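So the chains spell out like this:
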Amino acid sequence: MKETAERPARLRRLSEEEIALWIEVAKSVARRRGATLPTLASPRPAAAPAPAAEAPPPPTASTRPHRPAGPPPLAPLERRLKRDLARGRAIVDSVLDLHGMSQAEAHHALRGFLVQAQMQGFRLVIVITGKGARAARDDEDWFHETGVLRRLVPHWLREPDLRSTVLGFEEAGPGHGGAGALYVRLRRRDRR
């Protein structure tokens, strides 16, 4: 059997524009000792200064930069809040325990709980998912996965339709359930 050695892929040469762009980027960072910047084969002509133009008109509602209409981003819990929770100084407004629920039941319960908590003005809640049972791995039970809710709840909290409710979330501290629970920060509800 004859072995064929694969030839290494050929690298293409950078264009003059790409080299010039790299030089500009490299100027903005500190260089290693002894490192030099690449040089261009032909010097770039200096850009002619642009003629002074009139000041642009002030931005109006139609010319302002438009933010995408996607869901608001999630934010991590502040360091001070995490410290206060660990020391028992911060107050948790409510707790939801998902132990023993199926995925569908847990998903429905989580959504209802978060919306209701936000309507009541709660800011911080705990969602207990559990760590998952350590089932015996025999032939009949090998297909049962452990810790399903622990894995799925973070995905549910990231869903776009819950972003108007959920500000952010993180694994709870050891005093509140550790890896089997999540701190969930809620957004203030709109007062319309």
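The structure under discussion appears in the preceding block.
Rules and cut-offs
- Residues numbered from 1 in each chain as written.
- Predicted model: local features only at pLDDT ≥ 70, side-chain atom pairs only at ≥ 80, totals over all residues.
- Heavy atoms only, no water.
- Helix = DSSP H or I, 4+ residues; strand = E, 2+ residues; numbered from the N terminus.
- Buried < 20%, exposed > 50% of the residue type's maximum accessible area, 1.4 Å probe, protein only.
- Contact = heavy atoms within 4.5 Å.
- Areas by Shrake-Rupley, 256 points an atom, 1.4 Å probe, with all protein chains shown as cover.
- Core = buried A, V, L, I, M, F, W, Y, C linked by side-chain atoms within 4.5 Å.
- Pairing = 2+ DSSP bridges.
- Axes fitted to C-alpha atoms, helices over the stretch in contact; angles between N-to-C directions.
- Salt bridge = Lys/Arg side-chain N within 4 Å of Asp/Glu carboxyl O.
- Patch = residues over 30% accessible without salt bridge, like charges linked within 9 Å, V, L, I, M, F, W, Y side chains within 5 Å.
- Polar contact = N/O pair within 3.5 Å; in protein donor to acceptor, adjacent residues only side chain to side chain.
- Expected span 1.5 Å × (residues − 1).
- Arc of directions from axis to C-beta.

A. Looking closely at the overall build of the protein chain. Along its length, the protein chain carries four helices and four strands. For the protein chain, the succession of helices and strands along the chain, N to C, is α-α-β-α-β-α-β-β. Taken over 192 residues, the protein chain has a buried fraction of 26%. The contacts of the protein chain with a sequence gap of at least 6 include a subset with a gap of at least 24, amounting to 62%. Surface summary for the protein chain: the accessible area is close to 15,600 Å², and the carbon and sulfur share equals 55%.

B. Spatial organisation of the nonpolar core. Of all hydrophobic cores here, the largest spans 21 residues; its most connected members are L110, L114, V153, L157 and V184. Taken together, the elements giving at least two residues each to this core come down to α3 (103–119), β2 (124–128), α4 (148–157), β3 (166–171) and β4 (181–186). The element that contributes the greatest number of residues to this core is α4, accounting for six residues. Apart from residues lying up to four places away in sequence, V153 is in contact with L98, L110, V127, T129 and L182. In this structure, L81, L85, A172 and A181 belong to the second largest nonpolar core, which totals nine residues.

C. Structural context of the environment of V95. When you line up the elements, V95 lands in strand β1 (residues 94–97). Sequence spacing of V95 and F113 is 18 residues, and the spatial spacing of their C-alpha atoms is 9.1 Å.

D. Inspection of the sheet that holds β3 at higher detail. An order of β1-β2-β4-β3 is seen for the four strands of this open sheet, with the pairing classed as mixed. The sheet is open, and its two edges are formed by β1 and β3, each paired on a single side. The average angle at which neighbouring strand axes cross in this sheet is 25°, direction not considered. Where β2 and β4 come together, five bridges link them in antiparallel fashion. The residue of β4 that forms the bridge with V127 is L182.

E. Region of interest: the pattern of salt bridges. In the structure shown here, the tally under the stated rule is five salt bridges. A salt bridge links R111 to E159; its shortest N-O distance comes to 2.2 Å. Pair noted here: R111 is in helix α3 and E159 is in the loop between α4 and β3, with a separation of 48 residues, a long-range link. E159 gets classed as partly exposed once you look at its relative accessible area, which sits at 22%. Across the pair R111 and D161 runs a salt bridge whose closest N-O atoms are separated by 2.6 Å.

F. Here's a closer look at a nonpolar patch on the surface. Together, L21, W22 and V25 give the surface a local cluster of nonpolar side chains, amounting to about 330 Å² of exposed area. By the secondary structure assignment, W22 is in helix α1 (residues 16–27).

G. Just the side chain of R185, in detail. Relative to the helices and strands, R185 is located in strand β4. Looking at R185, its side chain comes within polar contact range of the side chain of E78, at 2.6 Å. R185 has contacts with L77, E78, L81, R123, L124, T165, V166, L167 and G168, leaving out every residue within four places of it along the chain.

H. Quick peek at α3. Between its first and last C-alpha atoms α3 spans 24 Å; for 17 residues at 1.5 Å apiece the expected length is 24 Å, and the two agree. Taken together, the buried positions of α3 are occupied by A106, L110, F113, L114, A117 and Q118. Buried residues of α3 fall within an arc of 120° about the axis and therefore sit on the same side. Facing away from the buried side of α3 by over 90 degrees, the exposed positions are A104 and H108. Tucked inside the fold, the buried residues of α3 contact β1, β2, α4, β3 and β4. One or two residues past the end of α3 sits G121, with phi positive at roughly 85°.

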